[in-house]
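# Breakdown of the fold
As a plain string of letters, each chain reads:
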Amino acid sequence: MRGTAPLAAAALALAGLGCRRSPAPYGAHTAFVPVAFRSNNPGRPPWAPRIEVTNTSAAPSTVRLTRWPPDAADSESTIFDLAPGETRTVPSRVPLASVSSFFFEAGSPFLVRAEIVDRRRIAPSLAVPVLKAEDLAKPGDRLTLGPIVDTPGERSHFCFTYPGVERDALPFRIHLRLTAPGGGALLWEGTFVLTGLPLVIDDPWKRFHLAPGTAFDVDVAFLGSARSRPVARGMWVYGITTDRATAASRFLETRVVRGSAR
Amino acid sequence: MTSRQRVIGTGLLWLVCVWAVALVSPRVVPWMTGTNPWTWDVVRRVTPLTRWDSGWYVNLAEAGYWEPPTRVGQETNHAFFPLYPGLMRILVRTTGIETSLAGNLVSAAAFLAALLLFAEWTKRHFGEDRVLPAVLVLLAFPTSFFFASVYTEALALALALAAVLSFERGRPLAGAAAGVLAGLTRITGVVLAPYLALVTWRASREAGLSTGRAAARAALAGASPLAGFGLFCLYFWKRFGDPLLFVKAQHNWSGQSKSILDGPALIWQAVVEDVTRGRLLGGSPARTFEGLYLLLFLVLAAVLLVEKRRPEALYVVLTVAIVFSSGTFESAGRYVLPAFPAFAALARLAGRRAFFGTLVALSSVAGALYVWAFVHWYWAG
């Protein structure tokens, strides 16, 4: 039908505009900070991220940082020009009270140190494990961690997180299994699509209808992009357990089971 | 140029205009904007014609239905029908395009199909002279930009017209298929049921069918959108164990406990409140205009009744009745869009050329303002 030709052309043109892919890699060297967090909640430690990047190569280097989410559109991506050996403090530029991730890329080696600090210096700082892109789970991989606890002394939470360069593949689809610690009984199981931003599960007992205080392990099978787009880097899940009395926190160990190894 | 080409050309031109206004709007008074409730990842990727409830369709296309709501006031995506987001999902999975753009493309394709069917329906019932004015009225209606947005209105209109025309032409299977799909698209599919039954009865009797066969066809026609809605309920029953989850989700949407019967009283309370507090154009202009659209469509239903187009009048009245049962005027200007016979009735004003031209021009300007408001996160319906 002749009348449909312009429509098809317009549709194809629009479709071309809408087929965004993840940004091209900025270099072979990467560092992923799974959590950057700042808050100012009354009665809680005023947390702030403290992140430094050091050029460990013998030549000047350019490092690209992608914040996800940023506090404003213009701070989503930042370029750092670093002299050999130079260390630079990274401005956090993340929204208040929501978890962000930082993803660094460069053509030459660099080092990233990250911690979450109490700006009053009362609660101990929390050193954040810095990962490489290769550490992240790819579609078909599983991530396991635990135990997530809620006792009079301690309380845990966990969070799904991703580098911002995945923005055009997000949201991700996962299959989540919660089991009693040490591979025990299945407590909850389901397949769902995550939000496109780091998703903190602050009260898993309520969210997954578990008996209050039940300890459990988390097993996440990464199924891929809900939009059927190629996943460039991957995703991560971290867990944190906090001592109620001292506000001291520690990361739980996250293990990756590669799809090919199963 | 044939009549069909003229209609499709006009529709394409309208789409270009709506998109041009939508793309320019963010640069027009950019500091004036409503509260954007969406998260960063969604805001940065969706098209400007994706706002408010569009987010639920994007979410449904990407994530499917969630766990059922557990309390009043909890908003969940079970309040939305599956066909439109299902088509978006197919387009996204096959092409990889942005989900909101897929919605816009589904809407645009459905709307162009609807426009051709509307022209044909108008020609059939009102004659060739009414076609272009009716198309212009539909395009220039202030809230018509929803046909290009990530909303179900275009698909609902296309399927309603496809069902009506198919039954009128004596193609019951095609009509039933369109009716079922309309029932899977939005709640207006349900009010399509009596309309389809009546037009099929009328067409069957005019074609000389016996009373029994005409009644059987009318029953098939009327049952088709209800069957679509029934499939939707069946799906919820199988998956969540609650066939009336859609009703529950709609009920839970509001922060207050209410039933369909409370709807008119709640609307009356809101009207009295707006009038007594002087908020007609200050506090809630969109709601005031939406009340006016409802009144207009009730008047147009009366016009159709006077012209002895009883099935069409009933369809328009029932479409308006959905709004009254909801307990709020919000979205009324959008809900009335699938009530296509009203647009054909309104097009009779084309006999007074200067008045009609002025009306279309003013309405188009209002439409552009609606697009600006929508893009800037102001409530537009």
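Treat the numbers as computed from the prediction; the structure is a model and nothing was measured. (Residues numbered from 1 in each chain as written. Chains lettered and ligands numbered in written order. Predicted model: local features only at pLDDT ≥ 70, side-chain atom pairs only at ≥ 80, totals over all residues.)

## Details of the overall build of chain A
Heads up, the condition is: Secondary structure follows DSSP: runs of H or I at least 4 residues long count as helices, runs of E at least 2 residues long count as strands, and numbering of each begins at the N terminus. C-alpha atoms define the radius of gyration, and 2.2 Å times the number of residues to the power 0.38 defines the globule rule. Remark: residues whose backbone-derived C-beta atoms lie within 7 Å of one another are considered to be in contact.
Per the secondary structure count, chain A includes two helices and 17 strands. The C-alpha radius of gyration of chain A comes to 20 Å, within 12% of the 18 Å expected for a compact globule of 262 residues. Expressed along its principal axes, the backbone C-alpha trace of chain A runs to roughly 70 × 50 × 40 Å. For chain A, the proportion of contacts with a sequence separation of at least 24, taken over those separated by at least 6, is 76%.

## As for the overall build of chain B
Across its full length, chain B holds 17 helices and zero strands. Computed over the C-alpha atoms, the radius of gyration of chain B is 20 Å, within 12% of the 21 Å expected from 2.2 N^0.38 for a compact globule of 381 residues. Dimensions along the principal axes, computed over C-alpha positions, put chain B at roughly 60 × 55 × 50 Å. Taking the contacts inside chain B whose residues are at least 6 apart along the sequence as the reference set, 74% of them involve residues at least 24 apart.

## Concerning the sheet that holds strand β11 (residues 172-179) of chain A
Residue and element names in this part refer to chain A. Our working definition: Pairing between two strands requires that DSSP report at least two bridges joining them. Helix axes are fitted to C-alpha atoms over the stretch in contact, other axes to C-alpha atoms as well, and angles between N-to-C directions run from 0 to 180 degrees.
Reading across from one edge, β12-β11-β14-β9-β17 is the order of the five strands in this open sheet, with antiparallel pairing throughout. Looking at which strands have only one partner, the edges of the open sheet turn out to be β12 (186-193) and β17 (255-257). Shown here is a sheet whose adjacent strand axes are inclined to one another by a mean of 20°, direction ignored. Pairing geometry for strand β9 (residues 142-148) and strand β14 (residues 216-225), over five bridges, is antiparallel. Paired with L145 across the bridge in β14 is V218.

## Some details on the domain arrangement of chain A
All names here are of chain A. Convention followed: For the domains described, the bounds stem from an automatic or database domain assignment.
The domain boundaries assigned to chain A delineate domain 1 (23-135) and domain 2 (136-262). Each of domain 1 and domain 2 has a C-alpha centre, and the two are 22 Å apart. Taken residue by residue, the interface counts 21 residues in domain 1 and 19 residues in domain 2. At the level of elements, β1 (29-36), β3 (61-68) and β6 (100-106) are the ones that each hand at least two residues to the side of domain 1 that touches domain 2.

## Looking at the pairing of β14 of chain A
Residue and element names in this part refer to chain A. Here is the rule we go by: A residue is called partly exposed when the number of other C-beta atoms within 10 Å of its own lies between 12 and 20, exposed at 12 or fewer, and buried at 20 or more, with C-beta atoms placed from the backbone.
With eight of 10 residues buried, β14 lies mostly within the body of the structure. With eight bridges connecting them, β11 and β14 associate as antiparallel partners. Bridge pairing in β14 links R177 to D219.

## With respect to helix α17 (residues 353-375) of chain B
Residues and elements named next belong to chain B. To be explicit about the condition: What a helix should span is 1.5 Å times the count of its residues minus one.
Taking 1.5 Å per residue, 23 residues should reach 33 Å; α17 reaches 33 Å between its end C-alpha atoms and fits that length. Those residues of α17 lying buried are G367, Y370, V371, W372, A373, F374 and V375. In the segment just after α17, W377 is the residue with positive phi, at about 65°.

## Things to note about the environment of G179 of chain B
Residue and element names in this part refer to chain B. The residue G179 is located in helix α8 (residues 172-183) in this model. On the basis of neighbour counts, which here come to 32 C-beta atoms within 10 Å, the residue G179 falls in the buried class. When the C-alpha atoms of G179 and L220 are compared, they prove to be 9.7 Å apart, with 41 residues separating the residues in sequence. Those residues in contact with G179, other than ones at most four positions away along the chain, are A163, L192, L196, A221, S224, P225 and G228.

## Focus: the nonpolar core
Rules: Working definition: the nonpolar core is a set of buried Ala, Val, Leu, Ile, Met, Phe, Trp, Tyr and Cys residues, joined through C-beta atoms within 7 Å.
Residues A114, F118, A158 and L161 of chain B are the most contacted members of the largest nonpolar core, which totals 120 residues. Among the elements that make up this core, the one with the highest residue count is helix α5 (residues 99-126) of chain B (16 residues). Beyond its immediate sequence surroundings of up to four residues, L161 of chain B is in contact with A114, L117, F118, W121 and F340 of chain B. With 55 residues, the next largest nonpolar core counts V35, W68, F160 and Y162 of chain A among its residues.

## Thoughts on the sheet that holds β3 of chain A
Sheets are built from strands that pair by backbone hydrogen bonding, the pairs being arranged parallel or antiparallel. Residues and elements named next belong to chain A. Spatially, four strands are ordered β1-β6-β3-β4 in an open sheet, and the strand pairing comes out antiparallel. Each edge of the sheet is formed by a strand with only one pairing partner; in this case those strands are β1 and β4 (77-82). Averaged over all adjacent pairs, the angle separating strand axes in this sheet is 20°, with direction ignored. Judged from the six bridges that link them, β3 and β6 form a sheet pairing that is antiparallel. When the sheet's bridge partners are listed, R67 is paired in β6 with F102.

## Notes on the pairing of β1 of chain A
Residues and elements named next belong to chain A. Within β1, eight of the eight residues are buried, which leaves the element mostly enclosed by the surrounding structure. Two strands pair when backbone bridges link them, and β1 and β6 are joined in this way by six bridges, in the antiparallel orientation. Its bridge partner lying in β6, A36 is registered against S100.

## Focus on the packing of helix α1 (residues 3-24) of chain B against helix α6 (residues 128-140) of chain B
All names here are of chain B. Selection criterion: Oblique is the label for any angle not covered by the other classes, which are roughly parallel (under 35 degrees), roughly antiparallel (over 145) and roughly perpendicular (65 to 115). Crossing handedness is defined as follows: a turn of the near helix away from the far one that is anticlockwise and smaller than a right angle gives a left-handed crossing, while the clockwise case is right-handed. Side-chain classes follow a simple rule in which Ala, Val, Leu, Ile, Met, Phe, Trp, Tyr, Cys and Pro form the nonpolar group, Asp, Glu, Lys and Arg form the charged group, and the remainder, Gly included, forms the polar group.
At a minimum axis separation of 11 Å, α1 and α6 run at an interaxial angle of 15°. Between α1 and α6, the angle is such that the two are roughly parallel. Crossing handedness for the pair α1 and α6: right-handed. Contacts from S3, V7, T10 and W14 of α1 reach α6 at V131, V135 and L139. Of the residues that constitute the contact of α1 with α6, the class distribution is five nonpolar, two polar and no charged.

## Some points on α8 of chain B
In this model α8 of chain B runs 16 Å from its N-terminal to its C-terminal C-alpha over 12 residues, within 8% of the 16 Å that 1.5 Å per residue would give. Of the surrounding secondary structure, the elements contacted by the buried residues of α8 of chain B are α4 (83-95), α7 (153-168), α9 (188-206) and α10 (211-240) of chain B.

## A look at the packing of α6 of chain B against α17 of chain B
Residue and element names in this part refer to chain B. At a minimum axis separation of 8 Å, α6 and α17 run at an interaxial angle of 30°. Judged by the angle between their axes, α6 and α17 are roughly parallel. Touching P133, L136 and A140 of α6 are F356, V360, S363, S364 and G367, all from α17. Classifying every residue of the contact of α6 with α17 gives five nonpolar, three polar and no charged.

## Focus on the environment of S363 of chain B
Residues and elements named next belong to chain B. Topologically, S363 is positioned in helix α17. It is 34 Å that separates the C-alpha atoms of S363 and H78, two residues lying 285 residues apart in sequence. With sequence-adjacent residues up to four places away left out, S363 is seen in contact with A140, F141 and P142.

## A short note on the confidence of the model for chain B
This is how the line gets drawn: Residue-level confidence of the predictor is what pLDDT reports, using numbers from 0 through 100.
Averaged over chain B, the pLDDT score is 91; the fraction of residues at 70 or greater is 96%. Two numbers describe this predicted complex: its pTM, 0.89, and its ipTM, 0.82.

## Overview of unusual backbone geometry
Residues and elements named next belong to chain A. Residue P147 is reached from G146 by a cis peptide bond, and omega for that bond is -5°. Relative to the assigned elements, P147 resides in strand β9. In this structure, P171 follows L170 across a cis peptide bond, with omega equal to 5°. Turning to its location among the elements, P171 is positioned in the loop between β10 (154-161) and β11. Residues other than glycine seldom take positive phi values, yet A97 does so here, at roughly 65°. Phi at A247 is positive, roughly 65°, even though this residue is not glycine. Looking at the element boundaries, A247 is found in the loop between β15 (236-243) and β16 (249-251). Looking at A247, the number of C-beta atoms within 10 Å reads 15, which means it is partly exposed.

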